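Per-entry structural report
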Amino acid sequence: MPGMESNSQYMMRALGLAKLGGRSVAPNPLVGAVLVHGGQVIGEGYHQRFGGPHAEVHAIASVTDRSLLAAATLHVTLEPCSHFGKTPPCADLIISSGIRNVVVGCRDPFPEVSGRGIAKLRDAGIAVTEGVLRQECELTNRRFITAQREGRPYTILKWAQSADGFMAPAEAGPYWISSEESRALAHAWRAQESAILVGRRTAEADDPRLTVRLSEGENPVRVVLDSSLRLPQSLRLFDGEAKTIVVNAVREGLSGPVRYCRLPSAQWSAKALGALLSAQGLGSVIVEGGAETLHGFIASGLWDEARIFVSPRELGGGLLAPAIQGAEGLPRRSGSDLLRRVFSPGLLGRFGLGDDYPLKDGTPLADA
């Protein structure tokens, strides 16, 4: 088996492969696998789409000389599965392939795996090394792990504000604060996440489409909070361009392209909303406002990161932007704006990160 330094090198390669899965694998985890024999990579693969073959299957299938497998080491970012889901157990495939050495980045928090895959390999006489680049592997799958451990989607709060701290001017109506470059970046983010959420007032005032238009990628599921079903059907949210969920306190069921999901109370909570979205198979959500909706998530503590575009312009008054506290990454430029990224204390605690975690480019939390 390669030494720890080599294991880290190949695990880093496996992580790079894992990230290629992007949103196509959601709500499943991102997983990459690399097979090494005699210091040479002889096979590799990654989980490419939800319901499709897992990374280990692609890696093993890519090996041209299968006689090498018995002396090869498999590096995989996440514990191989041990249960029948949409595909057979990867642990069984590894055992039957003759591989005798496996290096695992981190354990799978899914209850039907959670150590069982590693135990199954060891029971079959396979040597398993755990925890190689564990932190990097866990953070790469922070959406999946948050969904499993917290029972809610990974939650990103996003807004734009002026240099003097206002989200909108005093007069009503849509108003662009962020730059064109920032708006394009925000659309790219939409393509990376499962859902995008706004409150009723934002939907009514701005009539947003909440789709991906300034970047490539698939539209997220649109979610709007409308407890009493007051929004007019003429809004673009109901145009069928993307799947739309209306969270309300009145009705359940489908009506054309729109799904109505009922919460028991007209006053939503971030906890109840997170459980509802998880039940719909949504592993991540961008909350794009407005202020009242953002404040609801911030007050609950049930958010993971905030992405804030700060314009150089001043408004001199209007709607105050939310105040938020957490660990800040290095700011970066986005056109004429400054992009701030703030990570919640809950997120850092979930992954065992202290306040001194290096929130800089090159770390897994800088992936956006």
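Structural notes, computed from the coordinates. Bear in mind the structure is a predicted one, so any value in this text is a computation, not a measurement.

A separate point is the environment of Ser97. With respect to the secondary-structure elements, Ser97 resides in helix 3 (residues 90-97). Residue Ser97 is classed as buried on the basis of its relative accessible area, which comes to 13%. A sequence separation of 27 residues divides Ser97 from Ala70, and the C-alpha atoms of the two residues are 7.8 Å apart. Not counting residues within four places of it along the chain, the set of residues in contact with Ser97 comprises Ile60, Arg66 and Leu69.

So, on to the sheet that holds strand 4 (residues 101-106). Read across the open sheet, the 5 strands follow the order 2-1-3-4-5; overall the sheet is mixed. Each edge of the open sheet carries a strand with a single partner, namely strand 2 (40-46) and strand 5 (127-130). Mean inter-strand twist for the sheet, computed between neighbouring axes without regard to direction, equals 20°. Across 6 bridges, strand 1 (residues 32-37) lies against strand 2 in antiparallel orientation.

On to the pairing of strand 3 (residues 73-78), then. Most of strand 3 sits out of view: 6 of its 6 residues are buried. Here 4 bridges tie strand 1 to strand 3, and the two strands are oriented antiparallel to one another. Its bridge partner lying in strand 3, Val34 is registered against His75. Sheet analysis places strand 3 next to strand 4, joined by 5 bridges and oriented parallel. Bridge pairing in strand 4 links Leu78 to Cys106.

Note that strand 4 and strand 5 share 4 bridges and pair parallel. Within strand 5, the position partnered with Val104 by the bridge is Glu130. Following the backbone out of strand 4, through helix 4 (residues 116-123) and into the adjacent parallel strand 5, one traces a crossover that is right-handed.

Procedures and definitions
Residues numbered from 1 in each chain as written. Predicted model: local features only at pLDDT ≥ 70, side-chain atom pairs only at ≥ 80, totals over all residues. Heavy atoms only, no water. Helix = DSSP H or I, 4+ residues; strand = E, 2+ residues; numbered from the N terminus. Buried < 20%, exposed > 50% of the residue type's maximum accessible area, 1.4 Å probe, protein only. Contact = heavy atoms within 4.5 Å. Pairing = 2+ DSSP bridges. Axes fitted to C-alpha atoms, helices over the stretch in contact; angles between N-to-C directions. Right-handed = clockwise from strand over helix to strand, strands pointing away.

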